[in-house]
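One letter stands for each residue in the lines below.
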Amino acid sequence: MEHKVPEFEWLGFHFDASALMMIGITSVIVLILAIAGASRASVTNPSKLQNFMEWTIEFVEGIIGSTIGSKHGKGFIALGLTLIMYIFIGNMLGLPFSIVTEDHVSWWKSPTADIAVTGALTVVVIVLSHFLGITRNTKHYFAHYFEFKGAMLILHLIEVVSKPLTLAFRLYGNIYAGEIMISVIVGAGWFGVAPLFVWQGFSVFVGAIQAFVFTMLTMVYISQTLIHEEKH
């Protein structure tokens, strides 16, 4: 059965109250993990959370090193760490359970199962990448558009426009489809207990992959506008 979203209107705009709530919950969880991982850090006796945070930072550094490079990418570690943690945790929130009222209004879901949320994340990434290209790599940023002629220029502009669309819809589609499948399996009653555990395990894997892909592509887009490779 299709669930409704709790909407409210403000200044002529319609807002999804459940999406806003889940955005806030995800942000709080990420903040708590970051503070807990950084507080009481020990070199000789690190906690499990500290070890996890250090591994996550090294993982993000690896992503940045393979895309932007260690020389240009040091300033983007915080961005990459925030993205991968926020998206992964957001992807996971809709897996354990859901909260649906008697009038079929859904209050608990993954924030990334909302196209408005993934679209907003994508807008931030795309605007940031172009801003960095214009401010830090001005000459080559504008010059590369003149490298294309005629139909190739049109195809290149289509590629520029399609990047944010594919980035937003890829994340949204995978997480939303996963939650729909969970609803279908739950509707099977006791026959869906075993498939539910299997699907949730698979959904954790998909959620982790999507967080990695989004972060990786973010760094790729930044490197394409920020770094100019000299032609030989």
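As named in an unreviewed UniProt entry, the chain is ATP synthase subunit a, taken from Paenibacillus pectinilyticus. Its UniProt record gives the chain the following Sequence similarities (unreviewed entry) comment, quoted word for word: "Belongs to the ATPase A chain family." Of the comments in the UniProt record for the chain, the one headed Function (unreviewed entry) reads "Key component of the proton channel; it plays a direct role in the translocation of protons across the membrane."

Here we look at the environment of Ser70
Tracing the backbone through its elements, the reader meets Ser70 in helix H3 (residues 70–73). By relative accessible area, Ser70 is classed as exposed at 58%. Along the sequence, Ser70 and Leu33 sit 37 residues apart, while their C-alpha atoms lie 26 Å from each other.

Looking at the pattern of salt bridges
Summed over all chains, the structure comprises two salt bridges. Of the charged contacts, one joins Asp16 and Lys109 as a salt bridge, the two residues approaching to 3.0 Å between their closest N and O atoms. A residue pair is termed long-range when its members are at least 10 positions apart, and Asp16 in strand E2 (residues 13–16) and Lys109 in the loop between helix H4 (77–93) and helix H5 (115–136) qualify at 93 residues. Judged by its relative accessible area of 11%, Lys109 falls in the buried class. One salt bridge in this structure joins Asp114 and Lys109, with 3.8 Å as the shortest N-O distance. Overlapping salt bridges bring together Asp16, Lys109 and Asp114 as one network.

Regarding the packing of aromatic side chains
Tallying each qualifying case throughout the model produces eight aromatic pairs. Pairing Trp55 with Phe59 gives two aromatic rings, centres 5.4 Å apart and planes at 20°, and the pair type is stacked. Of this pair, Trp55 and Phe59 are both found in helix H2 (residues 48–67), four residues apart, which corresponds to roughly one turn of the helix. Three or more aromatic residues joined by ring pairs form one cluster here, namely Phe52, Trp55, Phe59 and Phe212.

Quick look at the nonpolar core
Formed by 30 residues in total, the largest nonpolar core has its most connected members in Ile68, Phe76, Ile87, Phe214, Met219 and Ile222. Every element with two or more residues in this core is listed here: H2, H4, H5, helix H7 (151–186) and helix H8 (193–226). Ignoring anything within four residues of it in the chain, the contact list for Ile68 reads Gly73, Phe76, Met219, Ile222, Ser223 and Ile227. If you look at the next biggest cluster of nonpolar residues, it comprises five residues, including Met92, Ile182, Ile185 and Leu196.

Side note on helix H1 (residues 17–38)
Look at H1: 32 Å from first C-alpha to last across 22 residues, which is about the 32 Å you get at 1.5 Å a residue. Looking at H1, one finds that the buried residues are Ala17, Ser18, Ala19, Met22, Thr26, Val30 and Gly37. Check the buried side of H1 and you find it contacts strand E1 (7–10), E2, H2 and H4.

What about the environment of Trp199?
Mapped onto the elements of the fold, Trp199 is located in helix H8. By relative accessible area, Trp199 is classed as partly exposed at 23%. Sequence spacing of Trp199 and Ala177 is 22 residues, and the spatial spacing of their C-alpha atoms is 12 Å. With sequence-adjacent residues up to four places away left out, Trp199 is seen in contact with Gly178, Met181, Ile182 and Ile185.

Conventions adopted
- Each chain carries its own residue numbering, running from 1 in the written order of its sequence.
- Only residues with pLDDT of at least 70 get local features here, since the model is predicted, and only at 80 or more are side-chain atom pairs given and counted; chain-wide, interface and lining totals rely on the full set of residues.
- Computation of side-chain values covers all heavy atoms of the structure but excludes hydrogens and water.
- UniProt positions are given in the numbering used here, feature names are shortened, and annotations may be inferred rather than shown by experiment.
- For helices the rule is a DSSP run of H or I covering at least 4 residues; for strands it is a run of E covering at least 2, with both sets numbered from the N terminus onward.
- Think of it in three bands: residues with accessible area under 20% of the maximum for their type are buried, residues over 50% are exposed, and the middle band is partly exposed, with areas taken using a 1.4 Å probe on protein chains only.
- For this document, the term salt bridge refers to a Lys or Arg side-chain nitrogen within 4 Å of an Asp or Glu carboxyl oxygen.
- Ring geometry is summarised as follows: Phe, Tyr and Trp rings, the Trp one being its six-membered ring, pair when their centres sit within 6.5 Å, and such pairs are stacked at plane angles under 30 degrees, edge-to-face over 60 and tilted between the two.
- Only buried residues count toward a nonpolar core, which is a set of Ala, Val, Leu, Ile, Met, Phe, Trp, Tyr and Cys residues joined through side-chain atoms within 4.5 Å.
- Residue contacts follow a heavy-atom distance rule, with two residues in contact if any of their heavy atoms lie within 4.5 Å.
- Helix span, expected: 1.5 Å multiplied by one less than the number of residues in the helix.

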